[in-house]
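# Observations on chain architecture
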Amino acid sequence: QVQLVESGGGLVQAGGSLALSCAASGDTFSTYVMAWFRQAPGKEREFVVRISRNSGTTDYADSVKGRFTIFRDNAKNTAYLRMNKLEPEDTAVYYCAASGAAWGNYRSDKTYDHWGQGTQVTVSS
């Protein structure tokens, strides 16, 4: 079992940057595929990005490609999301997720068994 805690959310003006962190505990972090999802008010939870266990593979949603960057430090049991050129449409609660499965559709939230509580990101016009 692994526990996840997000941090780093806040209020930023359009065009600005923000960095999120996801701290893991309770299990071997390097055995999990990590991902970020987000959910805006009244909307379904949507995939943002995922990263493989050894950082060899990343997969970004088209809406954030070129603006967001995911990375992980297995020695620190932490995954990160750097968000640049933020837009009001990026406003959402951002969730960290972990999957211990050997394979799956890593763009689907059904693949992930472990979730953080989320951190609010608000981008003003």
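Scroll up to find the structure this text is about.
For the structure given in this document, a descriptive report is provided here. (Residues numbered from 1 in each chain as written. Predicted model: local features only at pLDDT ≥ 70, side-chain atom pairs only at ≥ 80, totals over all residues. Heavy atoms only, no water.)

## A look at the pairing of strand E7 (residues 68–73)
Look at any regular strand and the pattern is simple: side chains alternate between the two faces of the sheet. Where burial is concerned, the two faces of E7 differ: the one with Phe 68, Ile 70 and Arg 72 is buried and the one with Thr 69, Phe 71 and Asp 73 is not. Alignment of E7 against strand E8 (residues 78–83), held across six bridges, turns out to be antiparallel. If you follow Phe 71 over to E8, its bridge partner there is Tyr 80. Here E7 folds back onto E8, and the loop between the two strands holds four residues, one of which, Asn 77, carries a positive phi near 55°. (Buried < 20%, exposed > 50% of the residue type's maximum accessible area, 1.4 Å probe, protein only. Helix = DSSP H or I, 4+ residues; strand = E, 2+ residues; numbered from the N terminus. Pairing = 2+ DSSP bridges.)

## Points about the packing of aromatic side chains
Per the counting criterion, the structure on display carries six aromatic pairs. Where Phe 37 meets Phe 47, the ring centres are 5.7 Å apart and the plane angle is 75°; that geometry is what we call edge-to-face. Taken together, the positions of Phe 37 in strand E4 (residues 33–39) and Phe 47 in strand E5 (residues 46–51) put the pair 10 residues apart, joining distant regions of the chain. Positioned over the ring face of Trp 115 is Arg 45, at 4.0 Å from the centre of the ring. (Phe/Tyr/Trp six-rings, centres within 6.5 Å; stacked < 30°, edge-to-face > 60°. Lys NZ or Arg CZ within 6 Å of the ring centre and 35° of its normal.)

## Regarding the sheet that holds E7
One open sheet holds the four strands; their spatial order is E1-E3-E8-E7, and the pairing between them is antiparallel. Looking along the sheet, the strands with just one partner apiece sit at the ends: strand E1 (3–7) and E7. Adjacent strand axes in the sheet meet at a mean angle of 15° when their direction is disregarded. Two strands pair when backbone bridges link them, and E1 and strand E3 (residues 18–25) are joined in this way by five bridges, in the antiparallel orientation. (Axes fitted to C-alpha atoms, helices over the stretch in contact; angles between N-to-C directions.)

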